[in-house]
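Here is what each chain is made of, one letter per residue.
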Amino acid sequence: MASSSLSMVDSQIDLATEIHNFLRKKEATLPQFQGKSCHLVLRRHFVDTMEIICEKLSINLTALNLAVYCLDLVMDQCDISANQLTLVVLVCLIIACKIEEREERIPSQNT
């Protein structure tokens, strides 16, 4: 019985390692933050704003991190005015929340 549970733990560890390696490879193909924006000095302010919004609305940390990543990509790749960046911050947060949305009432395969 003990060897059976031990082999099950080993297979779970192997699966977790395989998933981790897959995600690391996938992450390596994502665009990287270059810091090329002329509004880079405003980034801290925008990230703080997103953090405050997430705190007030109980948005999870994963969504915040994704929103910051999206903001970094937009700031790097697009020439946007500082006024428009405020709107971009909100859009990044909305998109990140939609991607990370959790619905507790979705039925599982067991029900």
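Each remark here, short or long, concerns the structure printed above.
Residues numbered from 1 in each chain as written. Predicted model: local features only at pLDDT ≥ 70, side-chain atom pairs only at ≥ 80, totals over all residues. Heavy atoms only, no water.

(A) Focus on the packing of helix α2 (residues 43-57) against helix α3 (residues 61-77). Look at α2 against α3: their axes get within 10 Å of each other, and the N-to-C directions meet at 150°. Compared by their axis directions, α2 and α3 come out roughly antiparallel. α3 is crossed by α2, and the crossing has right-handed handedness. Contacts between α2 and α3 involve Arg43, Phe46, Val47, Met50, Glu51 and Cys54 from the former and Leu64, Ala67, Val68, Leu71, Asp72 and Met75 from the latter. Of the residues contributing to the contact of α2 with α3, the split by class is nine nonpolar, no polar and three charged. (Axes fitted to C-alpha atoms, helices over the stretch in contact; angles between N-to-C directions. Helix = DSSP H or I, 4+ residues; strand = E, 2+ residues; numbered from the N terminus. Parallel < 35°, antiparallel > 145°, perpendicular 65-115°, else oblique. Left-handed = near helix turned anticlockwise from the far one by under 90°. Contact = heavy atoms within 4.5 Å. Nonpolar A, V, L, I, M, F, W, Y, C, P; charged D, E, K, R; others polar.)

(B) Spatial organisation of the nonpolar core. Within the largest apolar cluster, 19 residues are counted, with the highest numbers of intra-cluster contacts made by Met50, Leu71, Leu85 and Val88. Here this core gets seven residues from one element, more than from any other, and that element is α3. If sequence neighbours within four positions are ignored, Val88 has contacts with Leu71, Val74 and Ile80. (Core = buried A, V, L, I, M, F, W, Y, C linked by side-chain atoms within 4.5 Å. Buried < 20%, exposed > 50% of the residue type's maximum accessible area, 1.4 Å probe, protein only.)

(C) Quick peek at helix α4 (residues 82-100). Between its first and last C-alpha atoms α4 spans 27 Å; for 19 residues at 1.5 Å apiece the expected length is 27 Å, and the two agree. Of all the residues in α4, the buried ones are Leu85, Val88, Val89, Cys92, Leu93, Ala96 and Glu100. When α4 is viewed along its axis, its buried side chains cluster within an angular range of 140° and face the same direction. Those residues of α4 that are exposed and aimed more than 90 degrees away from the buried face are Asn83, Leu87, Ile94 and Lys98. The secondary structure elements touched by the buried residues of α4 are α2 and α3. (Expected span 1.5 Å × (residues − 1). Arc of directions from axis to C-beta.)

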